[in-house]
Amino acid sequence: MVLNSGDLVSVDFPGVTGIKRRPAVILSSATYHAIPPDIIVGLITSQIKGLGDTDYILQDWAVAGLRVESIFRSFIVTLPRSANIIQIGHLSERDWQAVRACIKIAFAELGDLAIDRD
């Protein structure tokens, strides 16, 4: 299965109280997918209370294939590609841009770092 950034999937998502089947959004890029055997996903939840600066209420949730109003929460995990991943849909461009903005807020400011591979 080809997975792209912004795709919505159903996965067994590890959380605070155990593993639960839930929707998630693919955050990792095609470049990342080229070699590692895993994917990076972010949580999609219908629990809208207690929103923070790194949460986003999805505007086009129904078009994306979700059954109820949902939010992106910056709860990020890495899962093996061998996980039981089921594709649901894809975020609209405006929702994907907002999710990316949340990720930028959630992670430490890294600036323009270069990797020295020597």
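A brief structural summary. Remember, it's a predicted structure, so these values are computed and weren't measured experimentally.

### Regarding the overall build of the protein chain
Argument step 1. Along its length, the protein chain carries two helices and six strands.
Argument step 2. Counting from the amino terminus, the protein chain carries its helices and strands in the arrangement β-β-α-β-β-β-β-α.
Argument step 3. The C-alpha radius of gyration computed for the protein chain amounts to 14 Å, which stays within 12% of the reference 13 Å derived for 118 residues, consistent with globular compactness.
Argument step 4. When the 118 residues of the protein chain are sorted by exposure, 36% land in the buried category.
Argument step 5. Intrachain contacts of the protein chain at a sequence separation of at least 6 include 59% that bridge at least 24 residues.
Argument step 6. A total accessible area of about 7,400 Å² is found for the protein chain, and carbon and sulfur atoms account for 55% of it.

### Brief notes about the layout of surface pockets
Argument step 1. When its volume is computed, the largest pocket comes out at roughly 360 Å³.
Argument step 2. Forming the walls of the largest pocket are 15 residues, and the residues nearest its centre are R22, P23, L66, R67 and V68.
Argument step 3. Broken down by secondary-structure element, the contributors of at least two residues to the lining of the largest pocket are strand 2 (18-26) and strand 3 (38-45).
Argument step 4. Looking at the lining of the largest pocket, its residues break down into five nonpolar, six polar and four charged.

### Re the sheet that holds strand 3
Argument step 1. If you walk across this open sheet you meet the six strands as 4-5-3-2-1-6, and the pairing is antiparallel. Each edge of the open sheet carries a strand with a single partner, namely strand 4 (55-57) and strand 6 (86-90). Direction aside, the axes of adjacent strands within the sheet are offset by 50 degrees on average.
Argument step 2. Pairing of strand 4 with strand 5 (residues 71-80), which is carried by three bridges, proceeds in the antiparallel orientation. Its bridge partner being in strand 5, Y56 is matched across the sheet by F72.
Argument step 3. Relative to strand 5, helix 2 (residues 93-106) is tilted by about 75 degrees, and along the sheet it contacts strand 2, strand 4 and strand 5.

### A word on the pattern of salt bridges
Argument step 1. Summed over all chains, the structure comprises three salt bridges.
Argument step 2. Note that R73 and D55 form a salt bridge whose closest N and O atoms lie 3.2 Å from each other. One end of the pair, R73, is in strand 5; the other, D55, is in strand 4, and 18 residues separate them in sequence.
Argument step 3. Of the residues examined, D55 reaches a relative accessible area of 13% and is grouped as buried.
Argument step 4. Taking the shortest distance from any N to any O, the salt bridge between D60 and R94 comes out at 2.8 Å. Taken together, the positions of D60 in the loop between strand 4 and strand 5 and R94 in helix 2 put the pair 34 residues apart, joining distant regions of the chain.

About the cut-offs
- Residues numbered from 1 in each chain as written.
- Predicted model: local features only at pLDDT ≥ 70, side-chain atom pairs only at ≥ 80, totals over all residues.
- Heavy atoms only, no water.
- Helix = DSSP H or I, 4+ residues; strand = E, 2+ residues; numbered from the N terminus.
- Rg over C-alpha atoms; globule rule 2.2 N^0.38 Å.
- Buried < 20%, exposed > 50% of the residue type's maximum accessible area, 1.4 Å probe, protein only.
- Contact = heavy atoms within 4.5 Å.
- Areas by Shrake-Rupley, 256 points an atom, 1.4 Å probe, with all protein chains shown as cover.
- 1 Å grid on protein atoms, 1.4 Å probe; cavity = no way out; pocket = protein on both sides within 12 Å on 5 of 7 lines; lining within 4 Å.
- Points joined across faces, edges and corners; volume = space filled by probe spheres on them.
- Nonpolar A, V, L, I, M, F, W, Y, C, P; charged D, E, K, R; others polar.
- Pairing = 2+ DSSP bridges.
- Axes fitted to C-alpha atoms, helices over the stretch in contact; angles between N-to-C directions.
- Salt bridge = Lys/Arg side-chain N within 4 Å of Asp/Glu carboxyl O.

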